[in-house]
Each structure stands twice: as structure tokens, then as C-alpha cells.
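Chain by chain, the residues:
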Amino acid sequence: RSRDDATIELSQEQRTELEKVARSRRIPQAMAQRARIVLMTADGVLPGAIGEQLGVSQPTIRKWRARYAEHGLPGLRSEAGRAGQELWMNSESPTC
């Protein structure tokens, strides 16, 4: 599997947009964190350091880098098109 999302090149406009999202207090903090993942990746910060600084797992970093690479900023919104499924799956897991 290719790691096309391992490096991200941002235009000045994209960087400015992501920085606004990362600093905003009006948007969900999860989305702000996703923007920080993308910014740190674009700055060449290694995934291990991103995970350590932001307190996120490697799979989470890979997921949001890939979503940004494929969909841009709209890809960082919460499970675009699958929010209901995400909420259901994350609420009280059934025990077998």
C-alpha cells in the first residue's frame, strides 16, 4: 500500500485555512486536531512525534492524512456521510 498521504504539500491558502481551523474555538476540537495533524505532516513532523504531541494513535494520523489528501478540508469533518454510523458504533459497545 502506497503512503501517498505521508507527505502533504500545502499552498499558502490551504495552510492559512488549516491554521484558522486549528486555532478556532467555534468548531469541534476534534476537527481542529485533525487540522493540526495535517499541518504537522506538511511541516515534515514524523508520525511518532505527531502522536506524542497530540495524543493520537498512528492509525488515527494515517486516517486523517489520507482523508485530507483525498478530500481536502471537507474530508476532516466528522466521518463525512457516516456520522450516524460513527455515533452508533461509539456509543455503549454491546457486550457478548
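(A) Region of interest: helix α3 (residues 47-54). For α3, every residue scored as buried is listed here: I50, G51 and L54. An end-on view of α3 places all buried positions within 95° of arc, on one side of the element. Exposed positions of α3 whose direction lies more than 90 degrees from the buried face are E52 and Q53. Those residues of α3 that are buried are in contact with α2 (29-42) and α4 (58-71). Two residues or fewer past α3, G55 is found with a positive phi of approximately 70°.

(B) Up close: the packing of aromatic side chains. Across all of its chains, the model carries 0 aromatic pairs by this definition. It is R34 that lies over the ring of W64; its NZ or CZ is 4.0 Å from the centre.

(C) Expanded view of the environment of A22. By the secondary structure assignment, A22 is in helix α1 (residues 12-23). Taking the relative accessible area as the measure of exposure, A22 reaches 13% and is therefore buried. Remark: the alpha-carbon pair of A22 and R36, spanning 14 residues in sequence, is separated by 5.8 Å. Leaving out residues up to four positions away in the same chain, A22 has contacts with A32, A35, R36 and L39.

Calculation notes
Residues numbered from 1 in each chain as written. Predicted model: local features only at pLDDT ≥ 70, side-chain atom pairs only at ≥ 80, totals over all residues. Heavy atoms only, no water. Buried < 20%, exposed > 50% of the residue type's maximum accessible area, 1.4 Å probe, protein only. Helix = DSSP H or I, 4+ residues; strand = E, 2+ residues; numbered from the N terminus. Arc of directions from axis to C-beta. Contact = heavy atoms within 4.5 Å. Phe/Tyr/Trp six-rings, centres within 6.5 Å; stacked < 30°, edge-to-face > 60°. Lys NZ or Arg CZ within 6 Å of the ring centre and 35° of its normal.

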